[in-house]
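Here is what each chain is made of, one letter per residue.
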Amino acid sequence: MNRLAHEKSAYLKHAAHQKIDWHAWSDEAFERAHKENKPVFLSTGAIWCHWCHVMAKECFENEEIIKLLNDNFINVKLDRDERPDIDRIYQHAVAAMGAGGGWPLSVFLTHDKMPFYGGTYFPPEDQYGRPGFKKVLRAVLELFKSKKEEISHHTGKLINALKPKPTVPEDLKESDVGIALEKILSELDLQNGGFGTAPKFPMTGALEFLINRYVLTPKESIRLALKKTLDSMAKGGFHDQIQGGFHRYSTDEAWIIPHFEKMADDNAWLLRNYIDAYSIFGDEYFKNVAKEIINFIQEVLSDTDGGFYASQDADVTPDDEGGYFTWTDDDFRKVMSDEEYRILSLHLFHEKGTMHHDQAKRVLFVSLGKNEIAQEIGIDIHKVKEIITRGKKKLLRERKKRKMPFVDTTLYTSLNGMLITAYLKAFRVLKDEHIKDFALKSLHRIMKKYFIKNELFHSEGVTAFLDDYVNYGEALVSAYEVTGDSSYLRKADDVMELCIRKLWDSNEGGFFETETQLIGMRLKGIEDISHPSANALSIRLLLKLYHLTGKDTFYQYAEKALKAFSARAKNQHILSGYYYSALDAYFNMLTLTLHTTKRELIDIVLSMYSPYTNIAYGEDRGYVLPCLGMICYEPIDNPEALKEFLKKRKQKSDK
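S.K.: So what's going on with the state of the cysteines? Which residues, and what values?
M.R.: All told, the structure shown has 2 disulfides when counted by the stated rule. Note on cysteine connectivity: C49 is disulfide-linked to C52, with sulfurs 2.4 Å apart. Taking the sign of the torsion about the S-S bond as the criterion, the disulfide between C49 and C52, at about 85°, is right-handed. Assigned by exposure class, C49 and C52 land together as buried.

S.K.: So what's going on with the sheet that holds strand β8 (residues 262-263)? Residues and values would help.
M.R.: Read from one edge of the open sheet, 3 strands run β8-β9-β12, paired in antiparallel fashion. The open sheet has two edge strands with one neighbour each: β8 and β12 (407-408). For strand β9 (residues 311-312) and β12, the ladder comprises 2 bridges, and the chain directions are antiparallel. Looking across to β12, one finds that S311 is bridged to D408.

S.K.: Tell me about the packing of aromatic side chains, and please be specific about residues and values.
M.R.: For the structure on display, the rule yields 41 aromatic pairs. Relative to Y341, the ring of F332 lies with its centre 6.4 Å away and its plane at 65°, an arrangement referred to as edge-to-face. For the pair shown, F332 and Y341 are each scored as buried. Centroid distance W504 to Y557: 4.7 Å. Interplanar angle 75°. Geometry classified as edge-to-face. Of this pair, W504 sits in the loop between α20 (486-503) and α21 (534-549) while Y557 is found in helix α22 (residues 552-570), placing the two residues 53 residues apart along the sequence. Grouped by ring-pair contacts, the aromatic residues W22, F41, F60, F73, F108, Y117, F122 and F133 constitute a single cluster. For the cation-ring pair, R333 lies above Y341, with the distance from its terminal atom to the ring centre recorded as 4.1 Å.

S.K.: Requested: an account of the environment of E58, with residues and values cited.
M.R.: Topologically, E58 is positioned in helix α3 (residues 50-58). For the pair E58 and H247, spaced 189 residues apart in sequence, the C-alpha separation works out to 25 Å. Other than its neighbours up to four places away in sequence, E58 contacts Y121, P123 and P124.

S.K.: Describe the sheet that holds strand β5 (residues 115-119), naming the residues involved and giving the relevant values.
M.R.: Pairing in this open sheet of 5 strands is mixed, and the strands run β1-β3-β2-β4-β5 from one edge to the other. Of all the strands in the sheet, the pair left with one neighbour each is β1 (22-24) and β5. Averaged over all pairs of adjacent strands, the angle between their axes in this sheet comes to 25°, without regard to strand direction. As paired strands, strand β2 (residues 40-45) and strand β3 (residues 74-79) are joined by 6 bridges and run parallel to one another. Along β3, the bridge assignment pairs F41 with N75.

S.K.: Any details on the packing of helix α14 (residues 338-348) against helix α15 (residues 370-377)? Residues and values, ideally.
M.R.: Interaxial distance between α14 and α15 falls to 10 Å at its minimum, and their mutual angle equals 130°. For the element pair α14 / α15, the angle class is oblique. In this structure, the crossing between α14 and α15 has a hand that is right-handed. Of α15, the residues touching α14 (which contributes R342, I343, L346 and H347) are K370, I373, E376 and I377.

S.K.: Requested: an account of the pattern of salt bridges, with residues and values cited.
M.R.: Within this structure, the stated rule accounts for 56 salt bridges. Residue K113 pairs with D27 through a salt bridge whose shortest N-O separation is 3.9 Å. Residue K113 is found in the loop between β4 (105-109) and β5, and its partner D27 is found in helix α2 (residues 27-36); the two are separated by 86 residues along the sequence. Overall, the relative accessible area of 51% leaves D27 in the exposed class. For K524, the salt bridge goes to D505, with nearest N and O atoms at 2.8 Å. Pair noted here: K524 is in the loop between α20 and α21 and D505 is in the loop between α20 and α21, with a separation of 19 residues, a long-range link. Look at D505 and you get buried, because its relative accessible area is 6%. Residues joined by salt bridges that share partners form a network here, namely R3, D21, E28, R32, E36 and K38.

S.K.: Please give an account of the pairing of strand β17 (residues 613-617) that cites residues and values.
M.R.: The buried count for β17 comes to 4 of 5 residues, which makes it a mostly enclosed element. Direction of pairing for strand β16 (residues 590-595) relative to β17: parallel, over a ladder of 5 bridges. Across the sheet, T593 pairs through a bridge with A616, a residue of β17.

Conventions we followed
- Each residue is numbered by its place in its chain's sequence as written, counting from 1.
- Since the coordinates come from a predicted model, pLDDT governs what is reported: local features require at least 70, and pairs of side-chain atoms require 80 or more to be given and counted, while whole-chain, interface and lining totals use all residues.
- Values shown for side chains rest on all heavy atoms present in the structure; no hydrogens or waters enter the calculation.
- When the sulfur atoms of two cysteines come within 2.5 Å, that pair is taken as a disulfide.
- Partly exposed residues are those whose accessible area sits between 20% and 50% of the maximum for their type, while under 20% is buried and over 50% is exposed, using a 1.4 Å probe and protein chains only.
- Two strands are counted as paired when DSSP detects at least two bridges linking them.
- A run of DSSP states H or I qualifies as a helix once it reaches four residues; a run of E qualifies as a strand once it reaches two. Both are numbered from the N-terminal end.
- The aromatic pairing rule takes the rings of Phe, Tyr and Trp, using the six-membered ring of Trp, and pairs them if the centres are within 6.5 Å, calling planes under 30 degrees apart stacked, those over 60 edge-to-face and the rest tilted.
- Lysine and arginine charges are scored as sitting over a ring when NZ or CZ, respectively, is within 6 Å of the ring centre and within 35 degrees of the ring normal.
- Contacts: residue pairs with any heavy atoms within 4.5 Å of one another.
- Axis definition: a line fit to C-alpha positions, over the contact stretch in the case of helices; interaxial angles, taken between N-to-C directions, run 0 to 180 degrees.
- Should an angle fall under 35 degrees it is taken as roughly parallel, and over 145 as roughly antiparallel, whereas 65 to 115 is taken as roughly perpendicular and any remaining angle as oblique.
- Two helices that cross are described as forming a left-handed crossing if the nearer one is turned anticlockwise from the farther one by less than a right angle, and a right-handed crossing if clockwise.
- Salt bridges are counted wherever a side-chain nitrogen of Lys or Arg sits within 4 Å of a carboxyl oxygen of Asp or Glu.

As structure tokens, this is what we get:
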């Protein structure tokens, strides 16, 4: 009996038609496993996940596999977006087994939820250098029946190895910021931009750290890293050249062939990166990329009543990876005039974008720039731009005739917090009131929907995780800074106090990711994974709240967390980007108190980019009061003087 039809998760509902006797994650499933003396098969994935759909089609609709699962296992399906707490634990377990990580995650558990074998995607038969799922199921079943004592011993050792090691606090040194900066820069791919090798993720936490560092210490090496990375990502197939917005990650080093799902968190943080980059470099291309992210989100990932959706799937069917987003030469030719086809082909349609599973289809990426095209074919640059703009609009209209990949319309608190903050940041630069209004409308909807009787929820019926508290809290502070409405600040204070009460590690410092334990542990990470670390973000938020409310306890919690994670952060290099952003903020936080109603002064404070800056509101005295850390400067009542102060701002060690 498949029990998934009435679940809230789109991913679980998507599996409701399968003949497998699926349970959602529940005590009932594990009690049944105990009673029937069967192992549990846990399949975790997401609605946006291409290989989840592939395995579902190949394995979960295979009659032989269905019978093996139904006769011998208790089968549990989990949505990693709905329950990231459970997924993260078992991701760690499977990684510790040497089987890597990612989705789909396929884990075999005892009735007491202990993992004893696992992997990710399995084909039905031996293929791609992977064992077939039929073979895996039979081997696991034999292991479970014949070696229960060994399983118990093995899982015990595994869990002990997984439990977070005690942290040793370290003193905080500003010099560590500079050391981290050089380590991150050393991982730059000078040829293609980005960090490391394929597969390539944008590492948005590290990018924000570099942006802030560049403003405080404008080194050429930082400028090169930022410009090369942001430019390369935006010109690649990783960026949707037709509609805007970014895909999940790039499968190659040059950002050409993406994994096609589009996620709310990725686009929220990339919006922050590109808006900030536009602010410091003045590059109109970065501004346009940011505006296109907003356009994509508004059209695809937004609810008209307020609120942001979770994701857009990679595919319409698992047989045609990226089919919605890719083009054949015939597709390309029939949409445009001969002139448009000639120029758009040079601009976007290159053989390096060829899909591995269908040589006729290509991902669009910028293979030749507009200036190069103008020079090559002898046409005025303005005409080239006009033709490209017109051609891209035709391509988008044509693409919209195709069946669009599924959009998960779930409203998650954490993802909404990220996008609300990103929207309010974008509003401050773009000055588009619609962006601000939609962000505030979304904030109010999430507040009403998920902050109930002083309890915060991740989604309907699911208690909040650290990601929810800190991203929702940051959104509230951002709303206060933009509007001056102190009710947002009071609510942020309440949320942070609630987070401390429920998730703070009173022994070592830092926040646990969850309120409850699973298999005897609660994770407490500092690494940036798909988006910046919730613990690092919590430190930034605590520091902001300290400067905005004057509550010393917030500063003490931030300092203790920084010390607790210091040693771990040093070993994680690029994955510690946002931790070092938090450490940088600890030493270099600026507060601008608006003791004024002068629109010109307020607009300068809101629109000029300044790293680690808080905006507070006070009585109208006709000036702005800047304070760097605990030191306040002369009040500024002149717009030009205020601009000059913000332009010349340096960290204390440069003075």
